[in-house]
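Close look at the chain arrangement
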There are 2 protein chains.
Amino acid sequence: MKQSRESVHTLVVARLRESKLLYTQGRRQLVDLLLDFARPVSVAEMLKRKSRLTQSSLYRNLTDLEAEGVVRRVAGNDSVVRYELDEELIGHHHHLVCVKCGYVDDFVVSDATERAIDAALTQAARKSKFTAKGHRLDVLGLCVRCTTAR
Amino acid sequence: MKQSRESVHTLVVARLRESKLLYTQGRRQLVDLLLDFARPVSVAEMLKRKSRLTQSSLYRNLTDLEAEGVVRRVAGNDSVVRYELDEELIGHHHHLVCVKCGYVDDFVVSDATERAIDAALTQAARKSKFTAKGHRLDVLGLCVRCTTAR
DNA sequence: CTCCGTGCAAACTTTTTGCAACGGG
DNA sequence: CCCGTTGCAAAAAGTTTGCACGGAG
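First, a word on what this report is: a plain description of the structure on this page. If you're wondering where the values come from, they're calculated on a predicted model, not measured in any experiment. (Residues numbered from 1 in each chain as written. Chains lettered and ligands numbered in written order. Predicted model: local features only at pLDDT ≥ 70, side-chain atom pairs only at ≥ 80, totals over all residues. Heavy atoms only, no water.)

**Points about the pairing of strand 3 (residues 82-85) of chain A**
Residues and elements named next belong to chain A. Residues Arg-82 and Glu-84 of strand 3 are buried on one face, and the alternating residues Tyr-83 and Leu-85, pointing to the opposite face, are buried as well. Strand direction decides the pairing type here: strand 1 (residues 41-42) and strand 3, joined by 2 bridges, are antiparallel. In the sheet register, Ser-42 faces strand 3, and the bridge partner there is Arg-82. With 4 bridges connecting them, strand 2 (residues 71-74) and strand 3 associate as antiparallel partners. Opposite Arg-72, over in strand 3, you have Glu-84 as the bridge partner. (Buried < 20%, exposed > 50% of the residue type's maximum accessible area, 1.4 Å probe, protein only. Helix = DSSP H or I, 4+ residues; strand = E, 2+ residues; numbered from the N terminus. Pairing = 2+ DSSP bridges.)

Quick look at the structure:
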């Protein structure tokens, strides 16, 4: 479910406390940064906009926060790693992935569609002896800029 | 639609001819390799099993063949890049992605489900001014080995 | 005060590129 | 033969790590 900025921080504090991780200035600003972008962002983009954390600390924090389920990796179509806040913080959603420039944005589908997808996938996973944890449903295509720019 | 090994090569030849790319021994063996694996494989895996092409040529060929629509990149949950043959060669399908070890395997869903997904996604893309080219529906979970190995 | 977190620089890993030799048509 | 392709080695890009200092509780 989607949360307000305040409650996101509160939830993050709670999760970090469980693993005796500190909610430092750097980590708080990283969460704020992801809230501001409101779409999956690459490490390069974060570094460009941030001063608070150095590159190495940023990588370390992304790794740590991912392990705590605060942030998660988003699969694009290129080899650029992007991150977003966990779905429990910003709500379940899907991605529009530009195959030309790599830009990724969010979108949601109806509950009915979600249920149909879930049913189909759970069954498919069972056949393959996979333990399904969730799914990923993305649209691949061209973003507005790449569509326009021929 | 799924093709026989022979017709895959024939189709590849046709595609390469259009762009004056040669179907060299190395490229042919690369296609054979992907057919053999029958699942998305990483560059490292290809290098381990192949002698025909050096690392740099392998990268160059993957890039070139991707541009020709012969191979395509598969998004895992880690930062490892994996490749598979284009869907016109091996048929439309989806992926089971192990979030623990990165292993990726294929699966298919019913036509009815496919149609429902397509309809929902096309509509969503339109709202965001995205030009939808296709979709990606994957199951994230644990593969058999990782499920067993606790 | 005690640790965890951070900055800095170096080490690694992965991917890309320049150039001369090679091979396909 | 001609031009795209390959190998080798070096360079570039992206990510991780060791260590000493700084900051949170």
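**Section: the protein's contact with DNA strand C**
Looking at DNA strand C, there are 18 residues lining it, with A:Arg27, A:Arg52, A:Ser57, B:Gln55 and B:Tyr59 nearest. Considering DNA strand C, the proportion of its atoms within 4 Å of the protein that are sugar or phosphate atoms stands at 60%. One of the backbone N or O atoms of A:Arg52 is found 2.8 Å from a phosphate oxygen in DNA strand C. For DNA strand C, a base oxygen lies 2.9 Å from a polar atom in the side chain of A:Arg60. Counting only elements with at least two residues in the surface near DNA strand C, the list comes to helix 2 (25-37) and helix 4 (55-67) of chain A together with helix 4 (55-67) of chain B. Among the residues forming the surface near DNA strand C, the class breakdown is 5 nonpolar, 9 polar and 4 charged. (Near = heavy atom within 4 Å. Polar contact = N/O pair within 3.5 Å; in protein donor to acceptor, adjacent residues only side chain to side chain. Nonpolar A, V, L, I, M, F, W, Y, C, P; charged D, E, K, R; others polar.)

**Points about the relation of the copies chain A and chain B**
Each of the two chain copies can be brought onto the other by rotation about an axis and movement along it. For the pair chain A and chain B, the relating rotation is 179 degrees, the translation along its axis is 0.0 Å, and the fit reaches an RMSD of 0.1 Å. Such values leave the two copies arranged in the relation of a two-fold axis. Scanning chain A for the C-alpha nearest the rotation axis identifies A:Leu137, at a separation of 2.2 Å. Mapped onto chain B, 97% of the interface residues of chain A are again interface residues, and the two copies thus contact each other with one and the same surface. (Least-squares fit on C-alpha atoms with pLDDT ≥ 70 in both. Contact = heavy atoms within 4.5 Å.)

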